[in-house]
Amino acid sequence: MNRINYYSILIRVHVLLMAITLLGSLYVIVIGAYDYLIAFLTIPLVNILLLPITKKDEKFDPTHPILMILVSLMIGTVLRSFFIFSPLQSDAKFLMLMGKPPSVLMTGIFAIYLGIICFVVGYVYPVKPLKDWSRIGVFSNKVSLKKYYPVAIVLALISVFAAVTYFKKVGVNFSDINGISQKRRYKVDDQGGGYAVLGYYRLCMDIIEPVYYVGLMYILTSKKRIFSILGLFVFMLGLLCLIYPFINSSRTNALYVLINSGLIIYFIKGGIQWRQLFSVLAIASLVLVIMTALRQEHSQKRSQTELEANPLVIMVGSLNFLGVDKTSHIIAGVPDKLYYQFGESFFLWMVAPIPRTMWREKPDISYGLVIGDKIYDKREPDSAGGGVPPGYIAELYINFGYVGIVAGMFLLGMVLKLFYNAFRKSRDTSTYSMLLYILVFIPFSLKLIGGDASGCIVKVFSGILTITLITKLIEIKSSGAANTRV
């Protein structure tokens, strides 16, 4: 999309959303369906969020942080609100309202409006840009193919060994092919030790992903043939990246691998051909269908949303994303069900390096488990599930009330703008920058608004550590300032 077309499209989107809000509100008033007014109140949130990028000099970027937040807002707030009031039948609706009248959603809508407005103000607030990274050390160094091969092989072997060990610990029986793709977690013991995520095993497993992306970038920038030794090797690495989440029944992680591959092609080639796009979508759809079928067939304990057959219900009925329902319940439950945390939940990541197998009473890093227990009363003592990620706006309220929402969302707007502009200048010419962008910045932009802060911070630190290690091992140090990626 060129600048004029993108700006023109955004203007049309604004007009369309305002028309839908006005006409829809008038219609439900005429027919007496006043509850639907609550749902229509969520639509202008999209208009507000899109304001910073509605300008003539803005270029289309599918990974823009505002568009990442928009995805979570549309699914968790706008579509979910209309889903709640729609005639569609679903057991998930009870969990969304928890037996309360629809007016309970007004609490969450107010908080989300406050948060989005403060985010936009922070995003447009004038601040000094970060230093140009493209001329700094690891950002400008080239990749050595001679170093890449041995490092990639060693790291792949470490990843496979860690994966086999991890899957055995969580109970995967490789001789039972039909029962492989299931959700599992490692239980520390039967005396209240809780569940461990086995983070160090997962870290070693996931080290294969950036190695694959480096190989893919090298092929694209050096114009190496796909049908070559390097191409075959990179293909095998990519296959491993899909096999791990397949075995672990993590549909989201499998989809991210395919999306990230497409984004690398998009940024390096300046676009992606329709044939390539359809191929990626076809593969992604096939993987998701197979994993969903296996999970539903073999899972001993299914969630309400997994029992649904309607894909829209499965997506909108999830307790992820920037949910207006969970935001409402959390704010209503503080401090009666859950005391103000005064910043504690934002520092849980500090205990993440300590394995739960060594510290059985270690606090849960994911605050979603606390929310599921205190607010939703849905966590069972002997269950691995029950987590409800609060979302950044609700977590800010849990810690500092409405003052936290104002300050925290304003700060988030400034931070995302600063780092996005910095990455945009360096990602297309730097392997290190591209890896940080697709494996750290994009997931952070997408997941924080609907997830929990400490969980996201752990991902940021582990991602930076892994990417820096790999890049340092395969780089060619150069004194030139104008080096390309390869």
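Before any of the text, the structure's been laid out above.
A few points on the structure.

Rules behind the numbers
Residues numbered from 1 in each chain as written. Predicted model: local features only at pLDDT ≥ 70, side-chain atom pairs only at ≥ 80, totals over all residues. Heavy atoms only, no water. Helix = DSSP H or I, 4+ residues; strand = E, 2+ residues; numbered from the N terminus. Buried < 20%, exposed > 50% of the residue type's maximum accessible area, 1.4 Å probe, protein only. Contact = heavy atoms within 4.5 Å. Areas by Shrake-Rupley, 256 points an atom, 1.4 Å probe, with all protein chains shown as cover. Patch = residues over 30% accessible without salt bridge, like charges linked within 9 Å, V, L, I, M, F, W, Y side chains within 5 Å. Salt bridge = Lys/Arg side-chain N within 4 Å of Asp/Glu carboxyl O. Axes fitted to C-alpha atoms, helices over the stretch in contact; angles between N-to-C directions. Parallel < 35°, antiparallel > 145°, perpendicular 65-115°, else oblique. Left-handed = near helix turned anticlockwise from the far one by under 90°. Nonpolar A, V, L, I, M, F, W, Y, C, P; charged D, E, K, R; others polar. Core = buried A, V, L, I, M, F, W, Y, C linked by side-chain atoms within 4.5 Å. Expected span 1.5 Å × (residues − 1). Phe/Tyr/Trp six-rings, centres within 6.5 Å; stacked < 30°, edge-to-face > 60°. Lys NZ or Arg CZ within 6 Å of the ring centre and 35° of its normal.

Description of the overall build of the chain
Link 1 in the chain: Within the chain, the regular secondary structure consists of 19 helices and 4 strands.
Link 2 in the chain: In the chain, which comprises 486 residues, the proportion classed as buried is 49%.
Link 3 in the chain: Contacts spanning at least 24 positions in sequence make up 76% of the contacts within the chain whose residues lie at least 6 apart.
Link 4 in the chain: Entry remark: accessible area of the chain is about 23900 Å², with carbon and sulfur atoms responsible for 67%.

Concerning helix 15 (residues 324-333)
Link 1 in the chain: Most of helix 15 sits inside the fold, with 9 of its 10 residues counted as buried.
Link 2 in the chain: Looking at helix 15, one finds that the buried residues are V324, D325, K326, T327, S328, H329, I330, I331 and G333.
Link 3 in the chain: Elements in contact with the buried residues of helix 15: helix 4 (65-85), helix 5 (92-97), helix 6 (105-124), helix 16 (368-374) and helix 17 (392-426).

Topic: a nonpolar patch on the surface
Link 1 in the chain: A grouping of L232, F235, M236, L239 and I243 is seen on the molecular surface, where their side chains present a nonpolar patch of about 460 Å² in accessible area.
Link 2 in the chain: Note on placement: L232 falls in helix 11 (residues 229-247).
Link 3 in the chain: Look at L232 and you get exposed, because its relative accessible area is 54%.

Quick look at the packing of helix 4 against helix 18 (residues 431-447)
In helix packing, the relevant descriptors are the interaxial angle and the interaxial distance, both defined with respect to the helix axes.
Link 1 in the chain: Put simply, helix 4 and helix 18 touch, their axes get as near as 7 Å, and they point 40 degrees apart. In terms of their interaxial angle, helix 4 and helix 18 are classed as oblique. Seen from above, helix 4 lies across helix 18 with right-handed handedness. Between helix 4 and helix 18, the residues in contact are P65, M68, I69 and V71 and F441, I442, S445 and L446, respectively.
Link 2 in the chain: By residue class, the composition of the contact of helix 4 with helix 18 is 7 nonpolar, 1 polar and no charged.

Re the environment of L105
Link 1 in the chain: Residue position: L105 is located in helix 6.
Link 2 in the chain: The exposure class assigned to L105 is buried, which follows from its relative accessible area of 1%.
Link 3 in the chain: The spacing of L105 and V324 is 219 residues in sequence and 6.5 Å in space, taken between C-alpha atoms.
Link 4 in the chain: Those residues in contact with L105, other than ones at most four positions away along the chain, are I38, I84, F85, L97, V324, D325 and S328.

Focus: the nonpolar core
Link 1 in the chain: Membership of the largest hydrophobic core comes to 129 residues, with the highest contact counts inside it found for F119, Y148, F167, I371 and M409.
Link 2 in the chain: The biggest single contributor to this core is helix 17, with 13 residues.

Brief notes about the environment of P102
Link 1 in the chain: Tracing the backbone through its elements, the reader meets P102 in the loop between helix 5 and helix 6.
Link 2 in the chain: Exposure remark for P102: the relative accessible area of 22% places this residue in the partly exposed category.
Link 3 in the chain: Spatially, the C-alpha atoms of P102 and S81 are 9.4 Å apart, while their sequence positions differ by 21 residues.
Link 4 in the chain: Excluding residues within four positions of it along the chain, P102 makes contact with D35, I38, F85 and L97.

A look at helix 10 (residues 208-222)
Link 1 in the chain: With 15 residues, helix 10 should reach 21 Å at 1.5 Å per residue; the first-to-last C-alpha distance of 21 Å fits that figure.
Link 2 in the chain: The buried count for helix 10 comes to 13 of 15 residues, which makes it a mostly enclosed element.
Link 3 in the chain: At the exit of helix 10 stands K223, carrying a positive phi of roughly 60 degrees.

Details of the packing of aromatic side chains
Aromatic rings considered in pairs are described by the distance between their centres and by the relative angle of their planes.
Link 1 in the chain: By the definition in use, this model includes 26 aromatic pairs.
Link 2 in the chain: With centroids separated by 5.4 Å and ring planes inclined at 70 degrees, the aromatic side chains of Y6 and F60 adopt a geometry described as edge-to-face. Taken together, the positions of Y6 in helix 1 (residues 3-31) and F60 in the loop between helix 3 (44-50) and helix 4 put the pair 54 residues apart, joining distant regions of the chain.
Link 3 in the chain: Given a relative accessible area of 5%, Y6 falls into the buried group.
Link 4 in the chain: Plain terms: the ring middles of Y437 and F441 are 5.6 Å apart, the flat faces sit at 20 degrees to each other, and that makes the pair stacked. Of the two residues, Y437 and F441 both sit in helix 18, 4 residues apart, roughly one turn of that helix. Accessibility classification places Y437 together with F441 in one group, the buried group.
Link 5 in the chain: Through a chain of ring-to-ring contacts, three or more aromatic side chains come together here, namely W133, F139, Y266, F267, F419, F423, Y432, Y437 and F441.
Link 6 in the chain: Of note, K417 hangs over the ring of Y123, and the distance from its end group to the ring centre comes to 5.9 Å.
Link 7 in the chain: A cation over a ring is seen here: R427 above Y437, with NZ or CZ 4.9 Å from the ring centre.

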